[in-house]
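# Breakdown of the fold
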Amino acid sequence: MYTKNAKLLVNYFILILLLPLFLLSCTAANAPVQNENTRYSNVQDIHSSDIAVNASPTSSNDDQISKISNDDSSNAVLNSQKVDIKFFEIKGIYDYTWPSIYQNTIAFANHPKEKQKDQAVYLVDINNNIEKIIYTSRENIDDVKVSGSRIYWIEGDAPEEWRIMTYNIVSEEIVKVKDSKNKNYTLVPRINNYGNKLFWLEGYRDEKQNLRHAIFFYDSDLNKIEQLAEVNYVDNPYQILIPRSNYICFADKVGGNWVIRIIDIKSREETTIDCASMPIRPVCDGNMVIWTEGDLGDNFYLYDVAKKEKEILDHRVNYADIIENCVVYSKGHQLYKYYKVMNKCICLTEQLKNSNRDLTMWFSCYKNNIVIIDPGLEPGNSKLTLVTDNNTY
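Let me begin by describing the structure that accompanies this report. (Residues numbered from 1 in each chain as written. Predicted model: local features only at pLDDT ≥ 70, side-chain atom pairs only at ≥ 80, totals over all residues. Heavy atoms only, no water.)

## A word on the overall build of the protein chain
Definition in use: The helix and strand labels rest on DSSP assignments: H or I over at least four residues marks a helix, E over at least two residues marks a strand, and numbering proceeds from the N terminus. Summary of the burial criterion: residues with accessible area below 20% of their type's maximum are buried, those above 50% are exposed, and those between are partly exposed, where the area comes from a 1.4 Å probe applied to protein chains only. Note on definitions: a residue-residue contact is assigned when non-hydrogen atoms from the two residues lie within 4.5 Å. Here, Shrake-Rupley sampling with a 1.4 Å probe gives the accessible areas, and only protein chains in the shown set may cover a residue.
A count of helices and strands for the protein chain gives one helix and 32 strands. Taking all 393 residues of the protein chain together, 45% fall into the buried category. Put simply, of all contacts in the protein chain between residues at least 6 apart along the chain, 42% involve residues at least 24 apart. With the model as given, the accessible surface of the protein chain reaches about 21200 Å², and the carbon-plus-sulfur share is 48%.

Shown next as structure tokens:
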């Protein structure tokens, strides 16, 4: 009798324990089935080297400025994100200057390990890996730029002694554009180009020995130098101007307030954008303006010229450029690209995050190609790195 009652009691407790599990399974069976591919419903041909979307701008109450959302759960992965990365190792080069790219040509100068050795200006054909030295000098060479038919660079050993040089790719003629001899110039300028026009910020002393700054440009087709604008305030005389399309912009103070001055190079018409603090490295292509602003460049802004609206794209950005209605920028040793037409941003170098690559912040763009330096883990192991965005959005 005792055994029979014990068995009944055990069965009763087992039934009590199983009842919640039975009810839970019934509820799950009747629940609607969620498509596990909902977030990736647009994905096709996803591979390990493909990059997921990091973020997209969302609305914000911060002065009506859009901001990037750190929560990417609402963002769909873009279709077939394909990025090729290629490394160029050139024998005998210890280090590279900031490279430039146009069509299939990369231009740069080497930094030799021994100071007594010559520096050289190199051209590299990215299609067939052919390298060519077009010029050598015992003096320092920097800011090598390439355009359709011209190579530009600046040369000189002393800060107040410099020469701007140009090389004609077709005729192989080397011409001195400008030098500092017999002039009251200050410091070596930084040069940058758009097409066959070369731009730089130049410091000089006027007749009363007052320090002044002005932006000049050289038209190599006309072999002519013109002054484009006087600059009221210069925080960094080595700042880099970034001309795009027929526009150039720069930070300045007007009436004691920080502004971005935008100049149409053809018409010389000028517009301004008000800023709360000093804008850093602004770029304008006529359709949009980008710059960093705030302590340590906290906020990275994009301004839509037609809509007269600005948004925050990211934070703590190192360097940025505009290419074919897209914004390319470096941050934390990675390259990112914001597609304005798609309102989406991707990391172009995602596949290198777990490698021994250490990309620098400086880069140059031409269409879908971006060239950047990988300094390597040890001195003398620098490599030219070519990032090709094959996405078609």
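## Things to note about the pairing of strand β29 (residues 344–347)
Within a regular strand, side chains alternate between the sheet's two faces. The condition that has to hold: When DSSP finds at least two bridges between two strands, those strands are taken to pair.
Burial of β29 is two-sided: the residues Lys-344 and Ile-346 facing one way and the residues Cys-345 and Cys-347 facing the other way are all buried. Both strand β28 (residues 334–339) and β29 contribute to a ladder of four bridges, which runs antiparallel. From the neighbouring strand, Tyr-338 faces β29, where its bridge partner is Cys-345. Hairpin connection of β28 to β29: four residues between the antiparallel strands, including Asn-343 at a positive phi of 55°.

## Describing the sheet that holds strand β22 (residues 280–284)
Put simply, the rule reads: Only the contacting stretch of a helix is used when fitting its axis, a line to C-alpha atoms as for every element, and angles between N-to-C directions run 0 to 180 degrees.
Strand order in the open sheet formed by four strands is β22-β23-β24-β25, and the pairing between neighbours is antiparallel. Looking at which strands have only one partner, the edges of the open sheet turn out to be β22 and β25 (309–315). Strand-to-strand, the axes of this sheet are offset by a mean angle of 20°, without reference to chain direction.

## A short note on the pattern of salt bridges
Any two side chains of opposite charge can pair, on the condition that their charged atoms come close. This is how it is decided: What makes a salt bridge here is a side-chain nitrogen of Lys or Arg within 4 Å of a carboxyl oxygen of Asp or Glu, nothing more.
Taken as a whole and assessed by the stated rule, the structure comprises 19 salt bridges. Glu-155 serves as the salt-bridge partner of Arg-163, at 2.9 Å between the closest nitrogen and oxygen. When sorted by exposure, Arg-163 lands in the same class as Glu-155, which is buried. Three or more residues joined by partner-sharing salt bridges are found here, namely Glu-139, Glu-155 and Arg-163.

## Concerning the side chain of Asp-389
What counts is decided by this rule: What qualifies as a polar contact is a pair of N or O atoms within 3.5 Å, subject to a donor-acceptor requirement within protein and to the restriction that residues adjacent in sequence count only when both atoms come from side chains.
With respect to the helices and strands, the residue Asp-389 is situated in strand β32 (residues 383–389). A polar contact of 2.3 Å, which involves the side chain of Asp-389, links it to the side chain of Tyr-339. In terms of polar contacts, Asp-389 uses its side chain to reach the side chain of Asn-391, at 2.5 Å. With near-sequence residues (within four places) excluded, Asp-389 lies in contact with Lys-82, Val-83, Lys-337, Tyr-339, Leu-348 and Asn-368.

## A word on the nonpolar core
Test applied: Think of a nonpolar core as a cluster: buried Ala, Val, Leu, Ile, Met, Phe, Trp, Tyr and Cys residues, connected wherever their side-chain atoms sit within 4.5 Å.
Ile-290, Phe-300, Val-327, Tyr-329, Leu-335, Phe-363 and Ile-370 are the most contacted members of the largest nonpolar core, which totals 35 residues. In this structure, Tyr-96, Tyr-122, Ile-126 and Leu-384 belong to the second largest nonpolar core, which totals 16 residues.

## A short note on the packing of aromatic side chains
Which entries qualify depends on this criterion: Only Phe, Tyr and Trp rings take part, Trp by its six-membered ring, and two of them pair if their centres are within 6.5 Å. Stacked means planes under 30 degrees apart, edge-to-face means over 60, and tilted covers everything else.
Inspection of the entire model under this criterion finds 14 aromatic pairs. The interplanar angle of 85° and the centroid separation of 5.3 Å between the aromatic rings of Trp-98 and Tyr-319 together place this pair among those described as edge-to-face. Of this pair, Trp-98 sits in the loop between β5 (95–96) and β6 (100–102) while Tyr-319 sits in strand β26 (residues 319–323), and the two are 221 residues apart along the sequence. For Trp-98, a relative accessible area of 11% corresponds to the buried category. In this structure Tyr-319 comes out as buried when scored by relative accessible area, which is 2%. Ring centres 5.4 Å apart and planes at 25° place the aromatic pair Trp-291 and Tyr-301 in the stacked group.

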